[in-house]
Amino acid sequence: ADKLGGAITSGGTVQLNGGTLGQTITGGNISIIDDVDTNASNLAGATTVASSKELTLTGGDINNNIAGAGSTKVTGTVNNKANISTATEVNGGALDNTNGNLANVTVTSGSLKSNADNISGTVANNGTYEITGGTIANAISGTGTTNINGAVVNNNTIGNTVTIGSGASLSTAVAGLGG
């Protein structure tokens, strides 16, 4: 990815074999073959992103689906507007998933904001997880803080410290609180 000089327009597949991508890719598909760092907006024009290694997003907007056996790491401020089915880690960044969907996510440090309905897997939270509404279907584990800022129903276990914002609500069984 480091050796690309300018923007790329593709009708096929661009294979990225590692490095830092500073250019925009428009059209076609992207295949992550080795670890790549980039602003998510550089991938915005691609049809799909298939990742077999680690894709590190340093900022920007995700407008296309990310799938594959690889992982997605967020180290900057990223706004997800698509489906990410790879394992996702927020590490020092801020991921806004209000308009997207995630599978399993780990917040090592930093923050995640999402409607609970937009997460299909578990959340391991050692940072801050803001839930804007919806139903928690899978466990939330870790040593972080879960902030409830909407109408939320808990159908599993929240193992974090929980704060409920003004005007927000949490419906849960007592057994669903605590780790």
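Since we're looking at a predicted model, the values are computed, not measured.

Engineer: Could you clarify how one ought to interpret the overall build of the protein in this entry?
Structural biologist: Per the secondary structure count, the protein includes 0 helices and 22 strands. For 179 residues, the compact-globule formula gives about 16 Å, and the C-alpha radius of gyration of the protein, at 17 Å, lands near that figure. A principal-axis box enclosing the C-alpha atoms of the protein has dimensions of 55 × 25 × 25 Å. Per-residue burial over the protein gives 43% buried out of 179 residues. Within the protein, residue pairs in contact and separated by at least 24 positions form 0% of the contacts whose partners lie at least 6 positions apart. Positive and negative side-chain charges in the protein, numbering 5 and 10 respectively, have mean positions lying 4 Å apart.

Engineer: Explanation requested: the sheet that holds strand 22 (residues 169-171) in the structure shown.
Structural biologist: Taken in spatial order, the 3 strands make up an open sheet running 17-20-22, and their pairing is parallel. Across the chains shown, the open sheet's two edge strands, defined by having one partner strand only, are strand 17 (134-136) and strand 22. Within this sheet the neighbouring strands show an average axis-to-axis angle of 25°, counted without direction. Judged from the 3 bridges that link them, strand 17 and strand 20 (residues 151-154) form a sheet pairing that is parallel. Counterpart to Gly-134 in the pairing with strand 20 is Val-152.

Engineer: Help me understand empty space enclosed by the protein in this model?
Structural biologist: A complete count under the given rule lists 1 cavity of 30 Å³ or more for this structure. Approximately 70 Å³ is the volume found for the largest cavity. Lining of the largest cavity is provided by Ala-116, Ile-119, Gly-121, Val-123, Tyr-129, Ile-136, Ala-137, Asn-138, Ala-139 and Ile-140. Classifying every residue of the lining of the largest cavity gives 8 nonpolar, 2 polar and no charged.

Engineer: Where do I start with the side chain of Asn-118 in this structure?
Structural biologist: Take Asn-118: it is sitting in the loop between strand 14 (105-114) and strand 15 (123-125). Among the polar contacts made by the side chain of Asn-118, one reaches the main-chain carbonyl oxygen of Thr-98 at a distance of 3.1 Å. Excluding residues within four positions of it along the chain, Asn-118 makes contact with Asn-97, Thr-98, Gly-100, Asn-101 and Leu-102.

Engineer: Just to check I follow, could you spell out the side chain of Thr-86 for this structure?
Structural biologist: Relative to the assigned elements, Thr-86 resides in the loop between strand 11 (83-84) and strand 12 (87-96). Separated by 2.7 Å, the side chains of Thr-86 and Thr-72 make a polar contact. Sequence-distant contacts of Thr-86, defined by excluding residues within four places in its chain, comprise Ile-66, Ala-67, Gly-68, Gly-70, Ser-71, Thr-72 and Asn-104.

Engineer: Would you mind showing me how to read the pattern of salt bridges here?
Structural biologist: Proximity of charged atoms lets side chains of opposite charge pair with each other. In total, this model carries 2 salt bridges according to the counting rule given. Note that Glu-54 and Lys-73 form a salt bridge whose closest N and O atoms lie 3.8 Å from each other. Placement of Glu-54 in strand 6 (residues 54-57) and of Lys-73 in strand 9 (residues 71-74) is noted, with a sequence separation of 19 residues between them. Accessibility expressed as a relative area gives 24% for Glu-54, which makes it partly exposed. The partner of Lys-81 in a salt bridge is Asp-61, with the nearest N and O atoms 3.6 Å apart. Here the residue Lys-81 occupies a position in the loop between strand 10 (77-80) and strand 11, and Asp-61 occupies one in strand 7 (residues 60-62), the gap between them amounting to 20 residues. Assessed through its relative accessible area of 40%, Lys-81 is described here as partly exposed.

Parameters at a glance
- Residues numbered from 1 in each chain as written.
- Predicted model: local features only at pLDDT ≥ 70, side-chain atom pairs only at ≥ 80, totals over all residues.
- Heavy atoms only, no water.
- Helix = DSSP H or I, 4+ residues; strand = E, 2+ residues; numbered from the N terminus.
- Rg over C-alpha atoms; globule rule 2.2 N^0.38 Å.
- Buried < 20%, exposed > 50% of the residue type's maximum accessible area, 1.4 Å probe, protein only.
- Contact = heavy atoms within 4.5 Å.
- Lys, Arg positive; Asp, Glu negative; His and termini not counted.
- Charge placed at Lys NZ, Arg CZ, Asp CG, Glu CD.
- Pairing = 2+ DSSP bridges.
- Axes fitted to C-alpha atoms, helices over the stretch in contact; angles between N-to-C directions.
- 1 Å grid on protein atoms, 1.4 Å probe; cavity = no way out; pocket = protein on both sides within 12 Å on 5 of 7 lines; lining within 4 Å.
- Points joined across faces, edges and corners; volume = space filled by probe spheres on them.
- Nonpolar A, V, L, I, M, F, W, Y, C, P; charged D, E, K, R; others polar.
- Polar contact = N/O pair within 3.5 Å; in protein donor to acceptor, adjacent residues only side chain to side chain.
- Salt bridge = Lys/Arg side-chain N within 4 Å of Asp/Glu carboxyl O.

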